Amino acid sequence: MVDIAAAQLLRPVNMQLSNAPTASAPASEEIQRLRRAVFEGEDNLLLNRSIEHLFNVSPVAAGDDVWTLPRYDGPADFTYEYDGELHPAHDVIENTFTDALIVIRNGRVAMEEYANFAREDTRLLSFSMGKILNAVLVGLAIADGAIQSVDDEMTTYLPEFRGTDWEGTTLRHMLLFRTGMEWDDYPYKPGEARDSHENSFIRTVAHYHAPARNLGRAHPPGKVFNYSSLETSLMGALLENALGERLNGYFSRRLWQPAGMEAEAFWVLDGDPEMGGREITGGTFNAVLRDYGRVALMLAQGGKANGKQILPQAWVEEMMRPGGTETFEMNPGHNYGYQTWTIDGTEAIASIGSGGQFLYADPASDTAIVKMSHAPQAYPDFKPSAEETQAFLLAASAWQPR
């Protein structure tokens, strides 16, 4: 349970982050304890929606031209099958630790539910679901000419990595997690990933991607998939160098405002911004449910949002193609595209966060779904909830709302 001291930190979230104070002193022991609990504690239901009160953040401003989402009038009257049992649609909320869920079919909201005192204005932590935004940013940067191609070597934009084992690694390798660099991403056991998490996310004394320069190569680039939040965060630094500006301002100008998002969003920084803290793009994005839904809808509709072509359609199609033919023991029936999971036998993607966050986009059925949750984070405890959610996603894609 959250104690009294912790509860005092969990203030309402309907504030403008751009007006929020930014901490300049090192985080107290109490704040560090709560930061660890975001990943490791029993109180993530509350902490996942209180991130701006625990971290330095980088606001992404919304505009005035909000993308209106029309609605269906009928109920969510479909079922899904899981573990040999047929479930009504609403079972997914209680069965899979759901805090907020939106289903958009044919550009219309067909289901929108909030639980556990989440609200329409609650900003929710994406965890690794937010990795897909790195692919969106790369596509925008290519469209703007700041990056020439995904086949550019990463050292073009991160020259400090020249002469290291990263030589020969392209942006495509990074997007597909096929760099060949040696890294164990699991932060729930002692090791480099846990140290990086502690030093950046908890103590904010080093960039999240700080260990990257000293990594060795385990495989030739492009050959072997290896999931790496460190590489995604490194991509954030690469993008900042390529663009010549902070990611939050660029993302606001190129997507959040023109796409018609309704509320300010933010990334967590790995330190005081005045001391060079950078966005941890490996999974710290926060937004309200409907805006996540708008991102999913944009992808399902080929890069269009709010009546505009925000992302080139060819880029969206490239993002959503599988990058290999392997089978994944931890995520069977899936492969991996540009910073998102592809689903075998479909055109759909499912970006997945370790706390049960799902962003699903299916161009074939014009379906966009986002589910924000507080599920158990460590594998294999996460697996049953994820499998039931996948069954729900596929059933919702086949549903014809009224």
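Rules used throughout
Residues numbered from 1 in each chain as written. Predicted model: local features only at pLDDT ≥ 70, side-chain atom pairs only at ≥ 80, totals over all residues. Heavy atoms only, no water. Core = buried A, V, L, I, M, F, W, Y, C linked by side-chain atoms within 4.5 Å. Buried < 20%, exposed > 50% of the residue type's maximum accessible area, 1.4 Å probe, protein only. Contact = heavy atoms within 4.5 Å. pLDDT = per-residue confidence, 0-100. Helix = DSSP H or I, 4+ residues; strand = E, 2+ residues; numbered from the N terminus. Expected span 1.5 Å × (residues − 1). Salt bridge = Lys/Arg side-chain N within 4 Å of Asp/Glu carboxyl O. Pairing = 2+ DSSP bridges. Axes fitted to C-alpha atoms, helices over the stretch in contact; angles between N-to-C directions. Phe/Tyr/Trp six-rings, centres within 6.5 Å; stacked < 30°, edge-to-face > 60°.

1. Looking at the nonpolar core
Right, so step 1: Within the largest apolar cluster, 93 residues are counted, with the highest numbers of intra-cluster contacts made by Phe 251, Leu 255, Trp 256, Phe 285 and Leu 299.
Right, so step 2: When residues no more than four places from it in sequence are discounted, the contact partners of Phe 285 are Val 60, Leu 124, Leu 125, Ser 126, Leu 133, Phe 251, Trp 256, Ala 265, Phe 266, Trp 267 and Tyr 292.
Right, so step 3: Membership of the second largest hydrophobic core comes to 34 residues, among which are Tyr 72, Tyr 80, Ala 115 and Ala 348.

2. A word on the confidence of the model for the chain
Right, so step 1: Chain-level statistics for the chain give a pLDDT mean of 91 and a share of 93% at 70 or above.
Right, so step 2: Low confidence marks residues 1-24, where pLDDT is under 50. Its contacts with residues over four positions away, or in another chain, come to 47 contacts.

3. Some points on helix 5 (residues 132-143)
Side chains that are three or four residues apart share a direction in an α-helix, a result of its 3.6 residues per turn.
Right, so step 1: A rise of 1.5 Å per residue sets the reference length of helix 5, with its twelve residues, at 16 Å; its end C-alpha atoms lie 17 Å apart and thus fit the reference within 8%.
Right, so step 2: Just downstream of helix 5 lies Gly 145, where phi reads positive at about 80 degrees.

4. Some points on the pattern of salt bridges
Right, so step 1: Overall, the coordinates contain 22 salt bridges when judged by the stated rule.
Right, so step 2: Between Glu 262 and Arg 294 there is a salt bridge, and its shortest N-O distance comes to 2.8 Å. Highlighted residues: Glu 262 in the loop between helix 9 (247-256) and strand 7 (265-268) and Arg 294 in helix 10 (residues 289-300), separated in sequence by 32 residues.
Right, so step 3: Assessed through its relative accessible area of 3%, Arg 294 is described here as buried.
Right, so step 4: Within this structure, Arg 71, Glu 112, Glu 120, Glu 262, Arg 290, Asp 291 and Arg 294 form a network of salt bridges that share partners.

5. Regarding the sheet that holds strand 13 (residues 349-353)
Right, so step 1: Pairing is antiparallel in the open sheet, where seven strands are placed in the order 5-4-15-14-13-12-11. The strands lining the two open edges of the sheet, one partner per strand, are strand 5 (108-114) and strand 11 (334-336). Taking each pair of neighbouring strands and ignoring which way they run, the sheet shows an average axis angle of 15 degrees.
Right, so step 2: As paired strands, strand 4 (residues 98-105) and strand 15 (residues 367-373) are joined by seven bridges and run antiparallel to one another. Across the sheet, Leu 101 pairs through a bridge with Lys 371, a residue of strand 15.
Right, so step 3: Contacts from helix 12 (residues 383-398) reach strand 4, strand 5, strand 11, strand 12 (341-343), strand 13, strand 14 (357-362) and strand 15, with the element oriented near 30 degrees to strand 14.

6. Some details on the packing of aromatic side chains
Right, so step 1: On inspection of all chains with the given rule, the structure shows 22 aromatic pairs.
Right, so step 2: Considering the side-chain rings of Tyr 80 and Phe 392, the 5.8 Å spacing of their centres and the 85 degrees angle between planes classify their relative orientation as edge-to-face. Here Tyr 80, found in strand 2 (residues 79-82), pairs with Phe 392, found in helix 12; they are 312 residues apart in sequence, far enough to count as distant.
Right, so step 3: Judged by its relative accessible area of 1%, Tyr 80 falls in the buried class.
Right, so step 4: Measuring from centroid to centroid gives 5.4 Å for Phe 251 and Trp 267, while their planes differ by 50 degrees, and the two rings are tilted. With Phe 251 in helix 9 and Trp 267 in strand 7, the pair connects residues that are 16 residues apart, well separated along the chain.

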